[in-house]
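Take a look at the letters that make up each chain.
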Amino acid sequence: MNQNQRFLSLDVFRGLTVAGMILVNNPGSWSYVLPPLAHAQWHGCTPTDLVFPFFLFAVGNAMSFAMKKFETMSNAAVLGKIFKRTFLIFIIGVLLSWFPFIRYDGDGNVVFKTIEKLRIFGVLQRIALCYGIAALLIHYLKPKGALIATSIILLLYWWIMWYYGGPDPYSLNDHIGLQIDKLIIGEDHMYKGEGVPFEPEGLLSTLPAIGNVVFGYLIGRFIQQKGKNYEMLYKLLAIGVILVSLGLLWGTVFPINKKIWTSSYTLYTVGIATIILTALIHLIELEGWKRGTYFFEVFGKNPLFIYVMSGVLVRIYGLIRIGDQNFYGWLYTNVFQSTLGNYGGSLAFAIFHVLLFWLLGLWMDKKRIYIRV
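Residues numbered from 1 in each chain as written. Predicted model: local features only at pLDDT ≥ 70, side-chain atom pairs only at ≥ 80, totals over all residues. Heavy atoms only, no water.

J.: Just to check I follow, could you spell out the overall build of the protein for this structure?
T.: Across its full length, the protein holds 11 helices and 4 strands. Its C-alpha atoms give the protein principal-axis dimensions of roughly 65 × 50 × 45 Å. Across the 373 residues of the protein, 50% fall into the buried class. At a minimum sequence separation of 6, the contacts of the protein that also span at least 24 residues come to 72%. (Helix = DSSP H or I, 4+ residues; strand = E, 2+ residues; numbered from the N terminus. Buried < 20%, exposed > 50% of the residue type's maximum accessible area, 1.4 Å probe, protein only. Contact = heavy atoms within 4.5 Å.)

J.: Would you mind showing me how to read the layout of surface pockets here?
T.: Regions of empty space are outlined by a rolling probe, equal in size to a water molecule, passed over the atoms. If you add up the space inside the largest pocket, you get close to 1700 Å³. Along the wall of the largest pocket there are 49 residues; nearest its centre are Asn25, Trp30, Arg119, Tyr191 and Arg315. Elements represented by at least two residues in the lining of the largest pocket include exactly helix H1 (8-25), helix H2 (51-66), helix H3 (75-98), helix H4 (123-164) and helix H10 (303-319). At 6 residues, H10 tops the list of elements feeding residues into the lining of the largest pocket. Taken together, the residues of the lining of the largest pocket break down into 22 nonpolar, 15 polar and 12 charged. The calculated volume of the second largest pocket comes to roughly 900 Å³. As for the second largest pocket, its lining consists of 34 residues, and the residues nearest its centre are Arg14, Ala62, Ala66, Arg85 and Arg372. Elements represented by at least two residues in the lining of the second largest pocket include exactly H1, H2, H3, H4, helix H9 (293-301) and H10. For the lining of the second largest pocket, a count of residues per class yields 21 nonpolar, 4 polar and 9 charged. (1 Å grid on protein atoms, 1.4 Å probe; cavity = no way out; pocket = protein on both sides within 12 Å on 5 of 7 lines; lining within 4 Å. Points joined across faces, edges and corners; volume = space filled by probe spheres on them. Nonpolar A, V, L, I, M, F, W, Y, C, P; charged D, E, K, R; others polar.)

J.: Could you clarify how one ought to interpret a nonpolar patch on the surface in this entry?
T.: On the surface, a cluster of nonpolar side chains totalling about 790 Å² of accessible area is made up of Ile148, Ile152, Leu156, Trp159, Trp162, Tyr163 and Tyr164. Its place among the elements puts Ile148 in helix H4. (Patch = residues over 30% accessible without salt bridge, like charges linked within 9 Å, V, L, I, M, F, W, Y side chains within 5 Å. Areas by Shrake-Rupley, 256 points an atom, 1.4 Å probe, with all protein chains shown as cover. Salt bridge = Lys/Arg side-chain N within 4 Å of Asp/Glu carboxyl O.)

J.: Explanation requested: the side chain of Ser171 in the structure shown.
T.: Considering the arrangement of structural elements, one finds Ser171 in the loop between H4 and helix H5 (176-184). A polar contact is formed between the side chain of Ser171 and the backbone oxygen of Asp168, at a distance of 2.8 Å. (Polar contact = N/O pair within 3.5 Å; in protein donor to acceptor, adjacent residues only side chain to side chain.)

J.: Help me understand the packing of H3 against H4 in this model?
T.: Two packed helices can be described by the angle between their axes and the distance between those axes. For the pair H3 and H4, the least separation of the axes is 7 Å and the interaxial angle reads 165°. Viewed along their axes, H3 and H4 adopt a mutual orientation that is roughly antiparallel. Between H3 and H4 lies a crossing of left-handed hand. (Axes fitted to C-alpha atoms, helices over the stretch in contact; angles between N-to-C directions. Parallel < 35°, antiparallel > 145°, perpendicular 65-115°, else oblique. Left-handed = near helix turned anticlockwise from the far one by under 90°.)

J.: How should the packing of aromatic side chains be read in this particular structure?
T.: Between two aromatic rings, the relevant description is the distance of the centres plus the angle of the planes. In the structure shown here, the tally under the stated rule is 29 aromatic pairs. Taking the centre distance of 5.6 Å and the plane angle of 85° together, the rings of Phe99 and Phe101 count as edge-to-face. A cation over an aromatic ring shows up here: Arg85 above the ring of Tyr131, its NZ or CZ 4.8 Å from the ring centre. The positively charged end of Lys228 is found above the aromatic ring belonging to Phe7, 5.0 Å away from the centroid. (Phe/Tyr/Trp six-rings, centres within 6.5 Å; stacked < 30°, edge-to-face > 60°. Lys NZ or Arg CZ within 6 Å of the ring centre and 35° of its normal.)

J.: How do you make sense of H10 when you look at a structure like this?
T.: Each full turn of the α-helix corresponds to 3.6 residues, which orients residues three or four apart in the same direction. Compared with an ideal rise of 1.5 Å per residue, which puts 17 residues at 24 Å, H10 spans 25 Å between its outermost C-alpha atoms and is within 8% of the ideal. Residues of H10 that are buried: Pro303, Leu304, Ile306, Tyr307, Val308, Ser310, Gly311, Val312 and Tyr317. (Expected span 1.5 Å × (residues − 1).)

J.: Please explain the side chain of Lys258 as it appears in this structure.
T.: Note on placement: Lys258 falls in the loop between helix H7 (230-250) and helix H8 (263-286). This buried residue, Lys258, is left without a salt bridge; Glu201 holds the nearest opposite charge, at 4.0 Å. Apart from residues lying up to four places away in sequence, Lys258 is in contact with His39, Asp49, Phe52, Glu201 and Tyr265. (Lys, Arg positive; Asp, Glu negative; His and termini not counted.)

J.: Explanation requested: the nonpolar core in the structure shown.
T.: Generally speaking, soluble globular proteins have nonpolar side chains that are buried together. Of all hydrophobic cores here, the largest spans 96 residues; its most connected members are Met63 and Phe299. Ignoring anything within four residues of it in the chain, the contact list for Phe299 reads Gly15, Val18, Ala19, Ile22, Ile306, Val354, Phe357 and Trp358. Counting residues in each nonpolar core, the second largest holds 7 residues, with Tyr317, Leu331, Tyr332 and Phe349 among its members. (Core = buried A, V, L, I, M, F, W, Y, C linked by side-chain atoms within 4.5 Å.)

J.: What should I look at first to understand the confidence of the model for the protein in this one?
T.: Predicted coordinates in regions of low pLDDT should not be interpreted in detail. Here the protein averages 94 in pLDDT, and 99% of its residues register 70 or above. Strand S1 (residues 102-104) is the least confidently modelled element of the protein, averaging 83 in pLDDT, while H4 averages 98, the highest of any element. (pLDDT = per-residue confidence, 0-100.)

J.: Just to check I follow, could you spell out the environment of Tyr217 for this structure?
T.: Secondary-structure assignment places Tyr217 in helix H6 (residues 206-226). For Tyr217, a relative accessible area of 10% corresponds to the buried category. Sequence separation between Tyr217 and Val59 is 158 residues; the distance between their C-alpha atoms is 7.8 Å. Filtering out sequence-adjacent residues up to four positions away, Tyr217 remains in contact with Gly60, Asn61, Met63, Ser64, Met67, Ile138 and Pro143.

J.: Just checking my understanding: could you explain the state of the cysteines for this structure?
T.: Should the sulfur atoms of two cysteines be covalently bonded, the bond is a disulfide. As enumerated under the stated definition, the model contains 0 disulfides in all. Between Cys45, a cysteine without a disulfide, and Cys130, which holds the nearest cysteine sulfur, the sulfur-to-sulfur distance is 17 Å. Since its relative accessible area comes to 0%, Cys130 is described here as buried. (Disulfide = S-S within 2.5 Å.)

J.: Explain the environment of Leu356 to me, please; I cannot follow it from the model alone.
T.: Within the secondary structure layout, Leu356 lies in helix H11 (residues 327-366). The exposure class assigned to Leu356 is partly exposed, which follows from its relative accessible area of 32%. Between the C-alpha atoms of Leu356 and Gly20, which are 336 residues apart in sequence, the distance is 14 Å.

J.: Whenever I open this one, unusual backbone geometry confuses me. Can you help?
T.: Phi is mostly negative for residues that are not glycine, and the peptide bonds are mostly trans. Residue Phe99 is joined to Pro100 through a cis peptide bond whose omega torsion reads 5°. Turning to its location among the elements, Pro100 is positioned in the loop between H3 and S1. Phi is positive for Lys142, which is not a glycine, with a value near 65°. Relative to the helices and strands, Lys142 is located in helix H4. Phi angles above zero are rare outside glycine, and Arg368 is one such case at about 55°. Mapped onto the elements, Arg368 comes out in the segment after H11.

Here you go:
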């Protein structure tokens with residue numbers, strides 16, 4: 001089997017996750033989000049809660065192709081490549097959080113944002129750390145060792161949460177990850193969207209998220225080794241079903257929860273990603289169904305750049321004032337909400353931005369511009 005053969009299904013899956021991230025991050029109003037497009041309030045998992053772990057899974061898939069070149073590189077070159085990519089993605093995430101570096105104060109004056117209350121961690125920062133640690137595990141421990149290490153990490157995370165947590169160790173206020181983040185990151189640099197300082201991409205909860213990348217790598221490697229055939233497909237489906245079942249079973253004692261990224265959540269989301277990937281391989285690779293796939297390929301060819309640009313645009317919206325509204329609110333209210341109502345307008349606003357960034361990706365693909373970090 002030629003392990004360098006292309007799997008269009010993996011490109012489509014990666015593009016699907018990028019489109020999903022733009023969709024769920026850009027509703028017209030957070031007050032009018034349809035239930036499937038909202039995160040679970042705490043325990044539980046909605047379709048939206050699948051998007052981020054799917055992206056990490058797709059990162060692992062891509063690594064199963066890209067890391068082959070590491071075998072011919074020196075140790076110093078491998079470490080340099082891993083650390084450079086980790087640093088660049090992390091710092092881009094911090095800069096995106098800081099962007100556009102100015103804001104309006106209480107009197108409506110433009111002032112520079114300072115670093116005193118800058119959020120340090122976030123989505124891109126977690127992607128960076130998960131990539132870097134997973135790459136080190138895979139390269140130095142090899143696939144079997146990385147699987148064992150990941151299993152230990154998932155079990156260790158559960159024990160740490162249970163042993164060091166408060167009376168309700170998996171709750172917002174009692175989980176040990178909150179105390180670690182307050183101590184190391186500091187409340188001023190943490191997310192405030194839960195009403196209290198809480199970092200959903202915090203330090204401790206990054207550990208089980210590494211598993212999504214490692215499992216993504218292992219699944220990508222598996223389908224390359226086994227090739228495009230039904231035997232591989234049946235085994236892949238079985239793996240997905242087993243992982244979902246294990247996640248649900250573990251979830252009875254360690255609840256499935258995205259915001260603290262429980263170990264059961266890792267297994268559950270990896271399992272669902274594997275099942276969806278099985279369906280895509282069946283349709284695209286074995287049945288030859290290509291209709292509509294290019295739409296998602298476009299997102300998958302510049303995934304990080306398109307995601308970053310979607311965040312940049314939203315922040316620029318917030319800087320532009322029209323009357324007593326910023327442009328984000330004005331655009332939703334006057335174009336989408338006034339035409340399609342609260343929920344319909346909010347959804348249409350999000351879809352509009354998915355299509356807008358698809359056009360950006362399309363232009364880049366036609367110009368053969370591919371930005372890699």
